[in-house]
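Letter by letter, the chains look like this.
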Amino acid sequence: MSDSFDILIIGGGIAGLSLAAELAPHASVCLLEREPHLAYHASGRSAAMYIGDYGNRIVRALNHASEASHDAGGILTPRPMLMLGRAEDEAGFDDEAAGLGLARVPVSEAQPYFPLLDTSVITRTAMRHDTYAMDTDLMVQNARKAALTGGVRIVTGAEVTALQHDGSWQVSAGEKSFIAKTLVNAAGAWADDIARLAGIAPLGIQPYRRSMAVLPLPEGLDTSGWAFVDAAGERWYAKAQAGKLLVSPSEADPMPPMDAWADDMVLAEGLARFEEMVTMEVTRLEHSWAGLRSFAPDHALVIGRAPANPDFLWLAGQGGYGFQTAPAAAHLAADLALGRTPELPDEVVTALSPARFG
């Protein structure tokens, strides 16, 4: 016998969990996650920062619409952002910095925020101070608690194997079956696969690998005031955390949906670029990991009902913006699922709709 719900969400990352929490007071909701644990893939592998001006203009609208919720959830800790450039980066440095809302500062002024920078190599720096580190684990737990308190049924280890629509959705996941009026596709890297299973045209959502290395720091360093550091030209970025340094080679290698792992050669090349700009020698990695950031073709999120079947709602294509956009994205998806007038401007709602792909 199948359990019946108003809305069934496929995907237990921050997107699906945030939506479940939004919907809980208003509808009967079930959330299915293919892995044994929630937030296992992209959401569990993020070195998250809140940078309001990160992403294209539509992503930025969601960033800014989410900031009040982030503040209320207690997940933000002030963390400046610093961009480093070499002499050979001069041509595009100012435009890249301006695109992220960074202002040029003297290298001597920036150095205390990242004492490892090599002043013989770094010739230009830019900063902003209104950016924040995000406690992503707390954000996941807040959403999970709100969803469960509101009566959402969360089922893990439930990979969806069949979807059929006949006035309502019949969903098979493992040995269990479910019925729901509305199906939400929050499946991350697997979003197009879920669409195909549902008989909905895929949108070309492409997962890209992003790797991270955890490096030990020299003893005696106080990193509490260090900035989030981005090398011009997306050569690498770094974030001090729990006495370690997280360094990413900033790669964006297209991959199929999978449980991603870091490529040793990609890490080695990225860490070589890192060493070129700092006074620290990389002698060992404590560990490494990789996640998949899944983008729609235009690098904006996809939120809205499928034109071919309005009972199928997309919440996908979060790319590298999943945590910082999650509150506003979930609120919009809830508005659409419940038939409410969206609070976001019409221009933003239209730009996020799957109908933009024709």
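Bear in mind that the values here come from a model prediction, so they are computed numbers and not experimental data.

A.B. asks: Hey, could you run me through unusual backbone geometry in this one?
C.D. replies: What you tend to see is this: most non-glycine residues have negative phi, and most peptide bonds are trans. Even without being a glycine, A39 presents a positive backbone phi close to 55°. Turning to its location among the elements, A39 is positioned in the loop between β2 (29–32) and β3 (49–50). Assessed through its relative accessible area of 12%, A39 is described here as buried. A positive phi is found at H299, a non-glycine position, where the angle reads about 60°. Locating H299 in the fold gives a position in the loop between β18 (287–295) and β19 (302–306).

A.B. asks: Just to check I follow, could you spell out the domain arrangement of the protein for this structure?
C.D. replies: As a measure of interface size, the accessible area lost when the parts come together is often cited. According to the domain assignment, the protein contains domain 1 (3–47 + 136–204 + 297–357) and domain 2 (80–130 + 206–295). On a C-alpha basis, the centroid separation for the pair domain 1 and domain 2 is 32 Å. Tallying the contact residues gives 17 residues for domain 1 and 16 residues for domain 2. At the boundary of domain 1 and domain 2, one finds zero salt bridges. Where domain 1 touches domain 2, the interface holds four residue pairs in polar contact (both at pLDDT 80 or more).

A.B. asks: It is not clear to me how the sheet that holds strand β8 (residues 132–134) should be interpreted in this structure. Could you clarify?
C.D. replies: Two pairing modes exist for strands in a sheet, parallel and antiparallel, and in both the strands are linked by backbone hydrogen bonds. Ordered by their spatial adjacency, three strands build an open sheet running β3-β8-β4, and the pairing between neighbours is antiparallel. Whereas interior strands pair on both sides, the edge strands pair on one side only; in this sheet they are β3 and β4 (76–78). Pairing analysis gives two bridges linking β3 to β8, with the strands arranged antiparallel. Counterpart to M49 in the pairing with β8 is A133.

A.B. asks: Would you mind going over the packing of helix α5 (residues 136–149) against helix α8 (residues 322–338) with me for this structure?
C.D. replies: The axes of two packed helices give the description: the angle between them and the distance between them. Orientation of α5 relative to α8, taken along the N-to-C sense of each, is 25°, at an axis distance of 11 Å. In this view, α5 runs roughly parallel relative to α8, as classed from their interaxial angle. As for the relative orientation of α5 and α8, their crossing is left-handed in sense. Facing T136, M139 and V140 of α5, the residues of α8 in contact are F323, A326 and P327. For the contact of α5 with α8, a count of residues per class yields five nonpolar, one polar and no charged.

A.B. asks: Which parts of the structure should I look at to understand helix α2 (residues 57–73)?
C.D. replies: Within an α-helix, residues lying three or four positions from one another point in the same direction, as the helix has 3.6 residues per turn. In this model α2 runs 25 Å from its N-terminal to its C-terminal C-alpha over 17 residues, within 8% of the 24 Å that 1.5 Å per residue would give. Along α2, the sharpest kink reaches roughly 35°, centred on E67. By the burial criterion, the buried members of α2 are I58, V59, L62, N63, S66 and H70. Lining the buried residues of α2 we find β3, β4, β8, α5, α8 and α9 (346–352). With a side-chain oxygen lying 3.1 Å from the backbone nitrogen of I58, the N-terminal cap of α2 falls on N56. Among the residues trailing α2, G74 stands out with phi positive, at a value near 70°.

Thresholds applied
Residues numbered from 1 in each chain as written. Predicted model: local features only at pLDDT ≥ 70, side-chain atom pairs only at ≥ 80, totals over all residues. Heavy atoms only, no water. Helix = DSSP H or I, 4+ residues; strand = E, 2+ residues; numbered from the N terminus. Buried < 20%, exposed > 50% of the residue type's maximum accessible area, 1.4 Å probe, protein only. Domains from an automatic or database assignment. Contact = heavy atoms within 4.5 Å. Salt bridge = Lys/Arg side-chain N within 4 Å of Asp/Glu carboxyl O. Polar contact = N/O pair within 3.5 Å; in protein donor to acceptor, adjacent residues only side chain to side chain. Pairing = 2+ DSSP bridges. Axes fitted to C-alpha atoms, helices over the stretch in contact; angles between N-to-C directions. Parallel < 35°, antiparallel > 145°, perpendicular 65-115°, else oblique. Left-handed = near helix turned anticlockwise from the far one by under 90°. Nonpolar A, V, L, I, M, F, W, Y, C, P; charged D, E, K, R; others polar. Expected span 1.5 Å × (residues − 1). Bend = angle between axes of the 7 residues up to and from the residue.

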